[in-house]
Amino acid sequence: MRNPWAQTGNYRTSYVQDTTIFANYREIVSVVLLLVALCVLPMFLERSQVLVLNFILIYAIAVLGLNITTGYAGLISVGQAAFMGVGAYTVALSAPSLPFWLTIPLGGFTAAIIGLIVGIPSLRVKHLYLALATLAFQEIFVWVVGRSPALAQGAAIPVEMRNFLGLEIGFRNHNYFWYYVILFVLVLMVIAWRNLLRGKYGRALIAVRDNDRAADAMGMDPGRTKLMAFALGAFYGGVAGGLLAYMQRAVVVEEFTLSRSVALLAMAIVGGLGTVVGSLLGPAFIEFLRLYVERLSEWMKSNAFIQSITPAGVDVASALLPLSFGLVIVLFLIFEPRGLYNWWRLLRSYFRTWPFRY
Amino acid sequence: MKRAMILVAMAFLGLVVAQGRTVNLLWSGAVTGPTSDVGGPYGAGVEDYCRYANEQKLIPNFTLNCTVRDDQYQNPNTQRIFEEALDRAKPAIYLGYSTGAMLQLKPLINEVKMPTIPASAHIGLIDPPNNQYMFLPVSSYSEQVVALMEYINRTTKNARIALVINPSPFGRAVVDHARRAAQRLGQTIVDVREVGSGNLDNTALLRALDAAGAQFIIHQNVAGPVANILKDAQRLGLNRKIRQMGAVYTGGSDLIRLAGDAAEGFLWASSYYTLDENAPGINLQKQLAQKYNRSADILNSTNYTAGMLAAAIAVEAMKRAAQRFNGRIDNETVYQALIGMNGPNAFKPGFAVSTKAGIEIDFTRSEQTGAEGLRVLEARGGKFVPVTEPFTSTLFRQVRNP
C-alpha cells in the first residue's frame, strides 16, 4: 500500500473513492492550515477590520445558498437578500425568548419554508421568467415588512446578546465573538454543502439544470429537485440573515433590499458559480472592491482638480461604486465567466502531480 | 532655585501639552451615492464649521480633528466607519446621518456612551430603548408634520388630509403621530401613500387623492419625489384645489430648483433660517461658503446650514466640556455638556429660529431635541418666505406619549 502522505497524485480506483471530499492528504492539511490561519487571523486585526471579515463570511454563507439555487440548479434567483431578511426577522422576533444557537437555525428553517413557496413558480417557468418571480418575492418581502407593525415597519428591531455561557459580550469582544461563531457556522455549512452536492442529490441538481426532461426520463423528479434547491438556498440565506442580525445588533429592512440581492448574485458570478471556493472569494473580492472604491470616491470628492474638470451637476464620485460593480461583472462575464474560482483552479493545477483527477 | 526651575519647566511642559491636544469629531454620511444631494452639502457644512472652529480657536488649547467620511448610504459602511473611529480616533462626539443606519447603531451608540447628533430627525432615535445618547439638532419629522396639521387647522376646520410618504422608516415615522393629531384636531386622514424616487407620472396618485376629497397633501419625503408630484399637480390643474406642504427635507432650494414654478405656494416646516434672513448663523454660513470656495448650490442648501448647526452644537459642547471638566474632552464630558445646555446655558448660534422663550438650542437628559421652534414657510417668487412666527407644537407633545 502506498504511503498516503507521500502520494504524488490521485490513485482512485472506485466510485466511492472518487466522491470523497478530499483528493489526498495534502488537501486535508491545507484545509486544516487554512482553518488555523482563519482562527488566529483576528488576533492581528482591529475590531473594525474583524467587522469587515464578518460581513464577508456572512455573505459567503448566503452566496453558498445562492450557489445551490442558481449555481447548481440553474434557477436564477434575485431574492436571496429577502431570504436573508426572513432569517433576520425570525431571529429578531425569537431572540428575546430563545438562545442564539436555536434562533439562527430557526431563521434558516423559516426561510427554507418560504423558499419552498417561492420555488413553486419554478415548476412552471424558467430562466428570465423565474428570475422575475423571485424579483417579485424580493419586492413583496420589503413591502410586507414596511407594512407590518410587528416588524417595526422596517425600522430597527434590536437584537442583543449580552452573555454566552458566562462570557460577557460587549463592544470590546462583540466582533471577535461573532467572528468565531460565523466561522464555525460557515465551516458547518460548507461541509453540509459538499456532502449534499457530491451525492445523488447534487447530481440530480446538475441533471435538472442541464436538461430537466432528460432528468425526468431518467427517473428523477425535477419538480421536487427544484423546490428542494430553493428551500436549501433559502435556508443558507436565512442562516446568514440571522447571523447578520446578531452581528449588527439590530434588524432594519434596508439591509435586505433588491440591491443586496443583486450584490449577492454579483459575488456568486465573480467568485465562480457552483463552487465553494468561489463562494468565499466572491464576497471577499466585492467587499474589498467596495472598500477601495469608497476611498477613491472620497479622494475624488475632496480633490479640487478632479472637481474642477468634472462638468457641473455630474457626480462622478457617486457613480464610481455602481460603475465599478457593473464593470467588474461585465468583465468577468466576458473574460472569465468561471470567475475567480478558475484562477484558483489554474493556480492549483501548477502544483498538481500525475495521475490527475478528472 | 532648583525647585522653582523644575516648577517652571513642568508648567511650560504642561502648556506645550495643552497646546498640542487634539480632540476628534466624526461625521459619516452619504457624500456620494443615494441622498448625496443632502449628504454632500451637510458634510460640507460640518467640514467648514470645523475649519472655522480651528481658525477661531473656539475650543481653547485644543485642535479639532474633524473626520468626514462617506458611507455611501450603506448601513454596513456606517457601522464600519463608526467602529473604525472608535478603534483609532476615539471621537468625543459623533455626527450621524441616515435614519436606517442610526436606528441600527442605537444599541452600539448606547453601549459605548457616544453622544450622537444625527442628520435624521426620526423620533425613534430619541425614543426608548437605547436613546440616552441621541440628540436631534432640530424638531423631529413627526413634530414638523403635526405642526403643519396645526397650521392647517388655523384656517380650515375638519380638513381632509392625505399623507404622501417615503417608502422607508424615514417616511413612515410620522404616520402614527399624524393620525393621533388628526383625531384630536377633528381632521381626517383620507389616505396614506408611499412614493419613492422614480415617480415620473403621478397622475393616478393625484386623481385618487382628489377623488378621496383630499384638501391638503402633507409630504414626508426628500425633494425629488415631491417636486415631481408638484409638477404633475400643476399639469392636472390640481395645484389650486389641493394645497401641498412638507417636512424639513421636502423643501428648500432643492425643491425650487427641481419643481420650478410648480413649487409656488408649497408650505414647508423648517427650524432653519433662510439665506435671505439676517441671522448670525446664516451670515457666518455665507462668509464661510465664500471663504472656502463653496458652490452656489451648496451655499443655498438648507442642508449646508443643517451640517453647520450640527457641528456648531458639537463644538460648543466640547468647549463647555473643557471648561467644566478641567480640559477633559471625551464622550462622557461632552454628554454632560450637552445635557447641561439649557436654561441660561442654552446655545444660540443663529442657524435656527428661537422659541417664544428666546431659546434656540437646548437639551436636557430627557428632552433630546435641540431647536424646538419651527416656522411654516411658503414658496413665493422662487424662494421660501416665513408665513408664521416661530412656534412649538403643543399638540405633538400630547400625541407623542398619549
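About the thresholds
- Residues numbered from 1 in each chain as written.
- Chains lettered and ligands numbered in written order.
- Predicted model: local features only at pLDDT ≥ 70, side-chain atom pairs only at ≥ 80, totals over all residues.
- Helix = DSSP H or I, 4+ residues; strand = E, 2+ residues; numbered from the N terminus.
- Rg over C-alpha atoms; globule rule 2.2 N^0.38 Å.
- Buried ≥ 20, exposed ≤ 12 C-beta atoms within 10 Å, placed from the backbone.
- Contact = placed C-beta atoms within 7 Å.
- Core = buried A, V, L, I, M, F, W, Y, C linked by C-beta atoms within 7 Å.
- Domains from an automatic or database assignment.
- Pairing = 2+ DSSP bridges.
- Axes fitted to C-alpha atoms, helices over the stretch in contact; angles between N-to-C directions.
- Nonpolar A, V, L, I, M, F, W, Y, C, P; charged D, E, K, R; others polar.
- Parallel < 35°, antiparallel > 145°, perpendicular 65-115°, else oblique.
- pLDDT = per-residue confidence, 0-100.

Engineer: Any chance you could explain the overall build of chain B here in plain terms?
Structural biologist: Within chain B, the secondary structure is distributed over 15 helices and 13 strands. Relative to the 2.2 N^0.38 estimate, which gives 21 Å for 402 residues, the radius of gyration of chain B is 22 Å and therefore close to what a compact globule would have. Taking the principal axes of the C-alpha coordinates as reference, chain B spans close to 90 × 45 × 40 Å. The 402 residues of chain B split such that 59% are buried. The long-range fraction of contacts in chain B, counting pairs at least 24 apart against all pairs at least 6 apart in sequence, stands at 68%.

Engineer: Would you mind showing me how to read the overall build of chain A here?
Structural biologist: Helices and strands together make up the secondary structure of chain A, namely 15 helices and 4 strands. Relative to the compact-globule value of 21 Å for 358 residues, chain A shows a C-alpha radius of gyration of 22 Å, a close match. Judged by the C-alpha coordinates and their principal axes, chain A covers about 65 × 55 × 45 Å. Residue burial in chain A is summarised as follows: out of 358 residues, 44% are buried. Across chain A, contacts joining residues at least 24 apart in sequence account for 77% of those joining residues at least 6 apart.

Engineer: Would you take a moment to explain the nonpolar core for this structure?
Structural biologist: Where a protein is soluble and globular, its nonpolar side chains tend to be buried together. Counting 236 residues, the largest nonpolar core has Ile58(A), Ile61(A), Leu95(B), Leu148(B), Ile161(B), Ala314(B) and Met318(B) as its most contacted members. A domain-level breakdown of this core finds at least three residues from each of domain 1 (19-138 + 278-371) and domain 2 (141-270 + 375-400) of chain B. If near-sequence neighbours (up to four positions away) are discounted, Leu95(B) is found in contact with Leu25(B), Leu26(B), Trp27(B), Val46(B), Ile117(B), Ala310(B), Ala311(B) and Ala314(B).

Engineer: Is there a simple way to think about the pairing of strand β13 (residues 383-386) of chain B in this case?
Structural biologist: Where a strand is regular, its side chains alternate between the two sheet faces. All names here are of chain B. Pairing analysis gives 4 bridges linking strand β12 (residues 375-380) to β13, with the strands arranged antiparallel. Residue Arg-380 lies in a different strand from β13, and its bridge partner there is Lys-383. Linkage of β12 to β13, two consecutive antiparallel strands, is achieved through a turn of 2 residues, within which Gly-381 is found at a positive phi near 60°.

Engineer: For this particular structure, what's the right way to read the domain arrangement of chain B?
Structural biologist: A common measure of how large an interface is: the accessible area buried when the components associate. Residue and element names in this part refer to chain B. The assigned domain composition of chain B is domain 1 (19-138 + 278-371) and domain 2 (141-270 + 375-400). Between the C-alpha centres of domain 1 and domain 2 the distance comes to 28 Å. Across the contact, 18 residues belong to domain 1 and 15 residues belong to domain 2. Mapped by element, the contributors of at least two residues to the side of domain 1 that touches domain 2 are α2 (36-55) and α4 (99-111). Sorting elements by how many residues they give to the side of domain 1 that touches domain 2 places α4 first, with 3 residues.

Engineer: Could you clarify how one ought to interpret the pairing of strand β10 (residues 267-270) of chain B in this entry?
Structural biologist: Residues and elements named next belong to chain B. Of the two faces of β10, the one carrying Leu-267 and Ala-269 and the one carrying Trp-268 and Ser-270 are both buried. Pairing analysis gives 2 bridges linking strand β9 (residues 243-246) to β10, with the strands arranged parallel. Bridge assignment links Met-245 to a residue of β10, and that residue is Leu-267. Bridge count between β10 and β12: 4 bridges; the pairing is antiparallel. From the neighbouring strand, Ser-270 faces β12, where its bridge partner is Arg-375.

Engineer: Looking at this structure, how should I read the sheet that holds strand β2 (residues 62-70) of chain B?
Structural biologist: All names here are of chain B. Taken in spatial order, the 4 strands line up as β2-β1-β3-β4 in an open sheet, and their pairing is parallel. The sheet is open, and its two edges are formed by β2 and β4 (116-117), each paired on a single side. Taken together, the 9 bridges between strand β1 (residues 21-29) and β2 define a ladder with parallel strand orientation. Bridge pairing in β2 places Leu-26 opposite Thr-67. Strands β1, β2 and β3 (93-95) of the sheet are contacted by α2, whose axis makes an angle of about 165° with β2. Those strands touched by helix α13 (residues 302-324) are β1, β2, β3 and β4, and its axis lies near 175° from that of β3.

Engineer: Whenever I open this one, the interface of chain A and chain B confuses me. Can you help?
Structural biologist: Across the contact, 29 residues belong to chain A and 29 residues belong to chain B. Within the residue set of the side of chain A that touches chain B, elements represented by two or more residues are α3 (47-72), α12 (276-302) and α14 (316-335) of chain A. The greatest single-element share of the side of chain A that touches chain B, amounting to 5 residues, is contributed by α3(A). Class assignment for the residues of the side of chain A that touches chain B results in 11 nonpolar, 8 polar and 10 charged.

Engineer: So what exactly am I meant to see when it comes to the environment of Gly274(A) here?
Structural biologist: Residue and element names in this part refer to chain A. Relative to the helices and strands, Gly-274 is located in the loop between α11 (258-271) and α12. Taking C-alpha positions, Gly-274 is 17 Å from Leu-227, a pair spaced 47 residues apart along the chain. Residues contacting Gly-274, with those up to four places away along its chain left out, are Asn-67, Gly-71 and Tyr-72.

Engineer: It is not clear to me how the packing of α3(A) against helix α10 (residues 222-248) of chain A should be interpreted in this structure. Could you clarify?
Structural biologist: A pair of packed helices is captured by two measures, namely the crossing angle of their axes and the spacing between those axes. At a closest axis distance of 7 Å, the pairing of α3(A) and α10(A) adopts a crossing angle of 170°. In terms of axis orientation, α3(A) runs roughly antiparallel to α10(A).

Engineer: What should I look at first to understand the sheet that holds β10(B) in this one?
Structural biologist: Residues and elements named next belong to chain B. Judged by pairing direction, the sheet is mixed, and its 7 strands sit side by side in the order β7-β6-β8-β9-β10-β12-β13 without closing on themselves. Pairing within the sheet leaves two strands with one partner each, and these edge strands are β7 (188-194) and β13. The sheet shows a mean angle of 25° between the axes of neighbouring strands, direction not considered. Where helix α5 (residues 141-155) meets the sheet, its contacts fall on β6 (160-165), β8 (216-220), β9, β10 and β12, and the angle it forms with β8 comes to roughly 165°. Sitting on the sheet, helix α7 (residues 175-185) touches β6 and β7, and the angle it makes with β7 is about 165°.

Engineer: Quick question: what am I supposed to make of unusual backbone geometry here?
Structural biologist: In most cases, non-glycine residues show a negative phi, while peptide bonds are predominantly trans. All names here are of chain B. Omega for the bond connecting Pro-128 with Pro-129 falls within 30 degrees of zero, at 0°, which places this linkage in the cis form. Position of Pro-129 relative to the elements: it lies in the loop between β4 and β5 (136-138). Despite not being glycine, Asn-293 shows a phi value in the positive range, around 55°. Inspection of the secondary structure puts Asn-293 in the loop between α11 (280-291) and α12 (296-300). Residue classification places Asn-293 among the exposed positions, given that 9 C-beta atoms sit within 10 Å. Even without being a glycine, Asn-326 presents a positive backbone phi close to 50°. Here Asn-326 lies in the loop between α13 and α14 (331-339). Given 8 C-beta atoms within 10 Å, Asn-326 falls into the exposed group.

Engineer: What's the story with the confidence of the model for chain A in this structure? I'm lost.
Structural biologist: Low-pLDDT portions of the prediction should not be read for the details of their coordinates. For chain A, mean pLDDT is 90; residues scoring 70 or higher make up 96% of the total. Considering each helix and strand of chain A separately, the mean pLDDT is smallest for helix α1 (residues 15-18) of chain A, with a value of 78, and largest for helix α4 (residues 80-94) of chain A, with 98.

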